[in-house]
Amino acid sequence: MSALPPAAARALAVRLLGRHGFLPQAENARGDTLYLALPAETWLLRVSNHARTARQRARRRDILASLIIREPRAPVQVEALVAAALRDFAAERRRRTDQASAGASLK
């Protein structure tokens, strides 16, 4: 199967994430970054064409994972990127939940 242009690959990624319950929450002004979340959660998964800077990562602690697509990708590659983003999101959410529980038990 042929590669999708980056914008189409990102759109496919958003649709695939939607199948896992993620809903769009916000989009940047340029339209190249979309933030998604599971219902009733504040943690975000970011789909974009560029990585975040260190300053952006420090300011936006609510973003647990980013899925970056800046080159053409075949649909099977997008599926693999989505699977990796879902794993990263779940692992980071688990890590932060464990940290919060450990902090609460120390009080």
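Please read these numbers as outputs of a predicted model, since none were measured by experiment. (Residues numbered from 1 in each chain as written. Predicted model: local features only at pLDDT ≥ 70, side-chain atom pairs only at ≥ 80, totals over all residues. Heavy atoms only, no water.)

### Overview of the nonpolar core
Counting residues in hydrophobic clusters, the biggest one holds 21 residues, and the most contacted among them are Leu17, Phe22, Leu45, Leu67, Val78 and Val82. Listed by contribution, the elements that provide at least two residues to this core are α1 (6–18), β2 (33–37), β3 (44–48), β4 (63–68) and α3 (75–105). For this core, the leading source of residues is α1, giving six residues. The residues touching Leu45, leaving out its near neighbours within four places in the chain, are Leu17, Phe22, Leu34, Tyr35, Leu36, Ala65, Ala85 and Phe89. (Core = buried A, V, L, I, M, F, W, Y, C linked by side-chain atoms within 4.5 Å. Buried < 20%, exposed > 50% of the residue type's maximum accessible area, 1.4 Å probe, protein only. Helix = DSSP H or I, 4+ residues; strand = E, 2+ residues; numbered from the N terminus. Contact = heavy atoms within 4.5 Å.)

### Regarding the pairing of β4
Sheet analysis places β3 next to β4, joined by five bridges and oriented parallel. Residue Arg46 lies in a different strand from β4, and its bridge partner there is Ser66. Handedness of the crossover joining β3 and β4 through helix α2 (residues 54–59): right-handed. (Pairing = 2+ DSSP bridges. Right-handed = clockwise from strand over helix to strand, strands pointing away.)

### Looking at the sheet that holds β3
Pairing is mixed across the open sheet formed by four strands, whose spatial order is β1-β2-β3-β4. On the outer flanks of this sheet lie β1 (23–27) and β4, each paired with one strand and no other. Within the sheet, the average angular offset between the axes of one strand and its neighbour, ignoring direction, is 30°. With respect to the sheet, α1 is in contact with β2, β3 and β4, its orientation differing from that of β3 by roughly 160°. (Axes fitted to C-alpha atoms, helices over the stretch in contact; angles between N-to-C directions.)

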